[in-house]
Amino acid sequence: MSKIKLILQYDGSDYIGWQRQAPEHGISLQQAVESALAKVVGSFVTIHGAGRTDSGVHALAQVAHFTCPVNITPQRLKLALNHILPKDIRIMAAEEVDEAFHARLSALSKVYRYLLATDELNIFNYRWYLPLDHLPLIEPMVEAAAYLIGEHDFRHFTLANSKAKSFVREVRSITVYQPNKQDLPCPLQNPLAIEVEGNGFLYKMVRLIVERMLVVGQKKLPPTGMRDFLQGALSVNLPPAPPQGLMLMEVKYGK
């Protein structure tokens with residue numbers, strides 16, 4: 001048996017997230033891929049993803065692995081899966097990897113991008129960004145983001161019922177920029193992106209970072225408010241930013 005690494009793209013709008021759940025909750029991306037995989041290899045196989053994206057969150061390059069019980073080349077496997085999978089899930093690459101590889105545990109960092117714009121919603125773009133009346137100010141958001149860089153206890157950047165064993169994570173960078181239009185999943189005239197890289201993220205952590213940065217960028221809080229959120233000194237009840245603007249852009253591994 002061989003271990004196979006997959007790189008997937010997906011539109012998460014119609015799924016309950018990556019992780020498999022009870023059938024009454026809906027279809028997860030993990031379930032959809034495992035169902036297609038079972039048809040290709042003739043038996044159920046568990047796949048392991050690099051990150052558990054939430055319901056409605058997208059991926060440009062999610063990584064997953066599984067142990068293949070049959071003799072099939074990665075290229076044939078890719079073609080067969082893409083023939084069976086729904087059109088909103090694509091296998092972009094498949095390759096055999098060393099037995100020590102693990103999609104989640106071997107990852108050094110993950111990069112997420114949150115997209116927002118002042119464009120009017122239409123049938124071609126509503127799945128992909130957060131619409132705003134006015135773009136937030138970049139400078140105070142960059143100043144606020146600086147408080148989060150490095151290794152911190154992020155217990156105040158997840159939901160209260162989080163079951164995480166540890167709340168310590170390292171945020172390596174937070175970048176606010178105007179993306180090139182050709183790099184966007186849909187046509188937008190006035191986009192803004194917030195990109196976050198870290199060695200791991202708590203449940204809804206990226207979306208909470210984004211929402212609090214937006215409040216700063218809208219001048220409802222000073223940049224030091226981010227430090228106060230981190231230290232638990234500020235208890236303003238802000239929900240996570242909506243999921244449709246978030247995309248897993250890259251999972252980084254060592255050479």
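Refer to the structure printed above.
The sections below set out a description of the structure shown in this document. A quick note: this is a predicted structure, and the numbers were derived from the prediction, not measured.

Calculation rules
- Residues numbered from 1 in each chain as written.
- Predicted model: local features only at pLDDT ≥ 70, side-chain atom pairs only at ≥ 80, totals over all residues.
- Heavy atoms only, no water.
- Core = buried A, V, L, I, M, F, W, Y, C linked by side-chain atoms within 4.5 Å.
- Buried < 20%, exposed > 50% of the residue type's maximum accessible area, 1.4 Å probe, protein only.
- Helix = DSSP H or I, 4+ residues; strand = E, 2+ residues; numbered from the N terminus.
- Contact = heavy atoms within 4.5 Å.
- Axes fitted to C-alpha atoms, helices over the stretch in contact; angles between N-to-C directions.
- Parallel < 35°, antiparallel > 145°, perpendicular 65-115°, else oblique.
- Left-handed = near helix turned anticlockwise from the far one by under 90°.
- Arc of directions from axis to C-beta.
- Polar contact = N/O pair within 3.5 Å; in protein donor to acceptor, adjacent residues only side chain to side chain.
- Phe/Tyr/Trp six-rings, centres within 6.5 Å; stacked < 30°, edge-to-face > 60°.
- Lys NZ or Arg CZ within 6 Å of the ring centre and 35° of its normal.
- Nonpolar A, V, L, I, M, F, W, Y, C, P; charged D, E, K, R; others polar.
- Salt bridge = Lys/Arg side-chain N within 4 Å of Asp/Glu carboxyl O.

1. Topic: the nonpolar core
- The biggest cluster of nonpolar side chains holds 70 residues, and the ones touching the most others in it are Leu6, Phe66, Ile89, Phe157, Ile174, Ile194 and Met213.
- With nine residues, helix α4 (residues 205–217) is the single largest residue contributor to this core.
- Among all residues touching phenylalanine 66, those that are not within four sequence positions of it are Ser2, Lys3, Ile4, Leu6, Leu37, Val45, Thr46, Ile47 and Leu77.
- In this structure, Val111, Tyr129, Ala193 and Met247 belong to the second largest nonpolar core, which totals 11 residues.

2. Description of the packing of helix α3 (residues 138–145) against α4
- Where α3 meets α4, the closest approach of the two axes is 8 Å, and the angle between their N-to-C directions is 135 degrees. Considering their axes alone, α3 and α4 lie oblique with respect to each other. Here the hand of the crossing between α3 and α4 comes out right-handed. Residues Pro140, Met141, Ala144 and Ala145 of α3 pack against Met213, Leu214, Val216 and Gly217 of α4.

3. What to know about unusual backbone geometry
- One non-glycine residue, lysine 204, lies in positive phi territory at about 65 degrees.
- Relative to the elements of secondary structure, lysine 204 occurs in the loop between β9 (191–198) and α4.
- The class for lysine 204 is buried, based on a relative accessible area of 17%.
- In this model, lysine 219 sits at a positive phi of 65 degrees, which is unusual for a non-glycine residue.

4. What about α3?
- Taken together, the buried positions of α3 are Pro140, Met141, Ala144 and Ala145. What you see down the axis of α3 is that its buried residues fit within an arc of 140 degrees, all on one side.
- Next to the buried residues of α3 lie β8 (168–177), β9, α4 and α5 (224–231).

5. Some points on α5
- Of the positions making up α5, those classed as buried are Gly225, Met226, Phe229 and Leu230. When α5 is viewed along its axis, its buried side chains cluster within an angular range of 145 degrees and face the same direction.
- Close packing links the buried residues of α5 with α3, β7 (150–153) and α4.
- In the segment just after α5, glycine 232 is the residue with positive phi, at about 80 degrees.

6. Side note on the side chain of histidine 102
- When you line up the elements, histidine 102 lands in the loop between β4 (89–97) and β5 (107–117).
- From its side chain, histidine 102 meets the backbone nitrogen of leucine 105 in a polar contact 3.1 Å long.
- Discounting residues that sit within four places of it in the chain, histidine 102 has contacts with His48, His65, Ala107 and Tyr253.

7. Concerning the packing of aromatic side chains
- Per the stated rule, a full pass over the model turns up four aromatic pairs.
- Look at phenylalanine 154 and phenylalanine 157: their rings are 5.8 Å apart centre to centre, the planes differ by 80 degrees, and that puts the pair in the edge-to-face class. For the pair phenylalanine 154 and phenylalanine 157, a shared accessibility class is recorded, and that class is buried.
- Here arginine 212 stacks its cationic end above the ring of phenylalanine 157, 4.5 Å away from the centre of that ring.
- When the ring centre of phenylalanine 229 is taken as origin, the NZ or CZ atom of arginine 212, which lies over that ring, is 4.2 Å away.

8. A few points about the packing of helix α1 (residues 29–41) against helix α2 (residues 74–84)
- Between α1 and α2, the least distance of the axes is 9 Å, while the angle of their chain directions is 125 degrees. If you check the angle between α1 and α2, you find them oblique. Pair α1 / α2 crosses with right-handed handedness. From α1, Ala36, Leu37, Lys39 and Val40 reach across to α2, where they touch Leu77, Ala80, Leu81 and Ile84.
- For the contact of α1 with α2, the class distribution of residues is seven nonpolar, no polar and one charged.

9. Some words on the pattern of salt bridges
- If you walk through the whole model with that rule in mind, you get 11 salt bridges.
- For the salt bridge of arginine 127 with aspartate 14, the shortest nitrogen-to-oxygen distance reads 3.6 Å. Pair noted here: arginine 127 is in the loop between β5 and β6 (130–131) and aspartate 14 is in the loop between β1 (2–10) and α1, with a separation of 113 residues, a long-range link.
- With a relative accessible area of 53%, aspartate 14 lands in the exposed category.
- Put simply, aspartate 153 and arginine 155 hold a salt bridge, and the shortest N to O gap is 2.9 Å.
- When its relative accessible area of 31% is taken as the criterion, aspartate 153 is described as partly exposed.

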